[in-house]
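What follows is each chain in one-letter form.
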Amino acid sequence: MLNVAKEAALEAGKFLKYNLGKVKHIERKLGQETNLVTEIDKQSEAMIIRKIKQHYPSHDILAEEGGGQKNQSEFRWIIDPLDGTTNYTHGLPIFCVSIGVEMNGTIVAGAIYDPSADEMFTAEKGGGAFLNGKRIHVSTCDSLITSLLVTGFPYNVKENPHHAVEHFVNLLMEGQGVRRLGSAALDLAYVAAGRLDGFWEVSLNPWDKAAGVLIVQEAGGVVTDFKNTPASSYEPRTLASNGKIHQQMLAVLGKAL
Ligand code: IPD
Ligand code: CA
Ligand code: CA
């Protein structure tokens, strides 16, 4: 299944790269001015689903743009066909494809592919995490003031849901720096690779995080909600770190809760 996830992510990722700067139709989702979907998101999703169905026609599929299927299978593929749509519509080459595979509710395989950098992040449960086939590990940074953090904001951030703005200000004041890349799956992959030390976001969907959570865990990191409960793909509140700064990040998040 990991091989199929990798093949599908690679194929869709190449399609995204080829079409960067060529978006024709931008729609606004759920009546929200800033929540975009393009024909490229939908075509990427269709390509991925086609590949999965060729190999595993009876598996369940949960896909962001609604192309999934429910078969009561013990396996469920969780797909973000284009993570970083806002960047993509501006021609900013920070985006990826994310595919996670769940077995009886536990993520057992994940692939995140960034076609701009040609980087494929992968993990299988119990088998470690990899970047282009080479083992990766989280960083060893153990204090917030020397940690480079990353976050993202939900599309309704202007309503300041779940104290999103206060968390941002509080962590900005305590960390070395805070980045906002615009792709939650890449944020998680970069924590796994030790490029970033910690990531939080108040409201993720399962397709944003399913693959990334496993990749961080398999790279030696920790993923929880904001109260230190171990992560599930279906929990919106997400805190991922190298483990060493996890308690410090929880304490800062706790200030606004
Ligand atoms: C979004 C990105 C962004 C995050 C948002 C997500 P999309 O996904 O991952 O970084 O802050 O919460 O919805 O819409 O580009 O697939
Ligand atoms: Ca996403
Ligand atoms: Ca998406």
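These numbers were taken from a predicted model, which means no experiment stands behind them. (Residues numbered from 1 in each chain as written. Chains lettered and ligands numbered in written order. Predicted model: local features only at pLDDT ≥ 70, side-chain atom pairs only at ≥ 80, totals over all residues. Heavy atoms only, no water.)

We now examine the sheet that holds strand β12 (residues 198–201). The strand order across the open sheet built from 5 strands is β11-β10-β12-β14-β13, with neighbouring strands paired in mixed fashion. What marks the edges here is a single partner per strand, and that holds for β11 (177–179) and β13 (222–224). Each strand axis lies, on average, 20° off the axis of its neighbour in the sheet, ignoring direction. The pairing of β13 with strand β14 (residues 238–241) spans 3 bridges and is classified as antiparallel. Counted as the bridge partner of T224 is L239 from β14. Most of the contacts of helix α6 (residues 206–218) go to β13, to which it runs at about 140°, and overall it touches β13 and β14. Sitting on the sheet, helix α7 (residues 246–256) touches β10 (148–151), β12, β13 and β14, and the angle it makes with β14 is about 150°. (Pairing = 2+ DSSP bridges. Helix = DSSP H or I, 4+ residues; strand = E, 2+ residues; numbered from the N terminus. Axes fitted to C-alpha atoms, helices over the stretch in contact; angles between N-to-C directions. Contact = heavy atoms within 4.5 Å.)

Attention now moves to the domain arrangement of the chain. With domains assigned, the chain is organised as domain 1 (2–135) and domain 2 (144–254). Computed over C-alpha atoms, the centres of domain 1 and domain 2 are 20 Å apart. Summed over both sides, the interface of domain 1 with domain 2 buries roughly 2,400 Å², with 61% coming from carbon and sulfur. At the surface where domain 1 touches domain 2, the tally comes to 1 salt bridge. For R195, the salt bridge goes to E119, with nearest N and O atoms at 2.7 Å. At the surface where domain 1 touches domain 2, the tally comes to 12 residue pairs in polar contact (both at pLDDT 80 or more). Looking at the side of domain 1 that touches domain 2, the elements with two or more residues in it are β3 (60–63), β4 (75–83), α3 (85–89), β5 (96–103), β6 (106–114), β7 (119–124) and β8 (129–131). Residue classes in the side of domain 1 that touches domain 2 are distributed as 17 nonpolar, 13 polar and 10 charged. (Domains from an automatic or database assignment. Buried area = accessible area lost by both parts, 1.4 Å probe. Salt bridge = Lys/Arg side-chain N within 4 Å of Asp/Glu carboxyl O. Polar contact = N/O pair within 3.5 Å; in protein donor to acceptor, adjacent residues only side chain to side chain. Nonpolar A, V, L, I, M, F, W, Y, C, P; charged D, E, K, R; others polar.)

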